[in-house]
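Notes for the structure review
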Amino acid sequence: MTEITRVPIKPVSEGSLTKLWLGIAIAILLGAGLAWAAMPSGPRGLEVETLVEGEGPMVQVGDVAFVRYKGKIADTGEVFDESRDIPLPVQGLFPEGTPFPVDEGATIDGFFNGLQQMQKGGEYELYIPSDQAYGSEPPPGAPIPPDADLIFEIEVVDFMSKDTFDRNLQILQQQMQQGMGAPPPAQDAPGAAPGN
């Protein structure tokens, strides 16, 4: 018969066994931590991602922001709205872009709150969860499904106070009336008494 030489196994010292169990416990905790970090954190809130840094102060409540934007449904990427520059005949009074009053109730909550985190010249991506958009009741006839999260690509061209906007609008209206040749005041018929 062939005999196999046996190799004696050294006994494990107490300190080594403790280190082994400690290493296993650390590996388990590390794995659990990584698994927890990879889990979705629940519903997303309003998010403003800066694509191009703006400058100066932030847009504030009571301002009129001039923006270019594109609104998309977050799940599908389908564009449901896009701004169009409003051609104004007088340069220097209004910047390019679509004027948006930054007042509560003037637009959806997410857009209102997001604009207040933006600066002139900045470009942003704004994620709006459905509860800050149209919720379960989008406007009738809109291509937005109920409970849809929205994404807006926004460029803030400029902004001004509501008072400045109103003053510039009056100037524009006066210039348009003068340029269009407002009708002369009504004249009395010959021989009639004034005011009759």
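Just so it is clear, the structure is predicted and the values come from calculations on it, not from any experiment.

What counts, and at which threshold
- Residues numbered from 1 in each chain as written.
- Predicted model: local features only at pLDDT ≥ 70, side-chain atom pairs only at ≥ 80, totals over all residues.
- Heavy atoms only, no water.
- Patch = residues over 30% accessible without salt bridge, like charges linked within 9 Å, V, L, I, M, F, W, Y side chains within 5 Å.
- Areas by Shrake-Rupley, 256 points an atom, 1.4 Å probe, with all protein chains shown as cover.
- Salt bridge = Lys/Arg side-chain N within 4 Å of Asp/Glu carboxyl O.
- Helix = DSSP H or I, 4+ residues; strand = E, 2+ residues; numbered from the N terminus.
- Buried < 20%, exposed > 50% of the residue type's maximum accessible area, 1.4 Å probe, protein only.
- Contact = heavy atoms within 4.5 Å.

Let us now look at a nonpolar patch on the surface. Taken together, the side chains of Leu17, Leu20, Trp21, Ile24 and Ile28 make up a nonpolar region of the molecular surface, amounting to roughly 530 Å² of accessible area. Take Leu20: it is sitting in helix α1 (residues 14-38). A relative accessible area of 49% means that Leu20 is categorised as partly exposed.

The subject of this paragraph is the environment of Val79. Inspection of the secondary structure assignment puts Val79 in strand β4 (residues 79-82). Counting along the chain gives 64 residues from Val79 to Pro143, while the straight-line C-alpha distance between them is 9.1 Å. Once residues lying within four places of it in the same chain are set aside, the contact partners of Val79 are Lys70, Gly71 and Lys72.

This part covers the pattern of salt bridges. Inspection of the entire model under this criterion finds 5 salt bridges. Between Arg68 and Glu96 there is a salt bridge, and its shortest N-O distance comes to 2.4 Å. Here Arg68 is found in strand β3 (residues 63-73), whereas its partner Glu96 is found in the loop between β4 and β5 (98-101), with 28 residues between them in sequence. Its relative accessible area of 24% is what places Arg68 among the partly exposed residues. As a salt-bridge pair, Lys162 and Asp166 come within 2.9 Å of each other at their nearest N and O atoms. One end of the pair, Lys162, and the other, Asp166, are both in helix α3 (residues 162-180), 4 residues apart, so they sit about a helical turn from each other. Owing to a relative accessible area of 34%, Lys162 belongs among the partly exposed residues under this scheme.

Remember, this is a structural readout, not a statement about activity or role.
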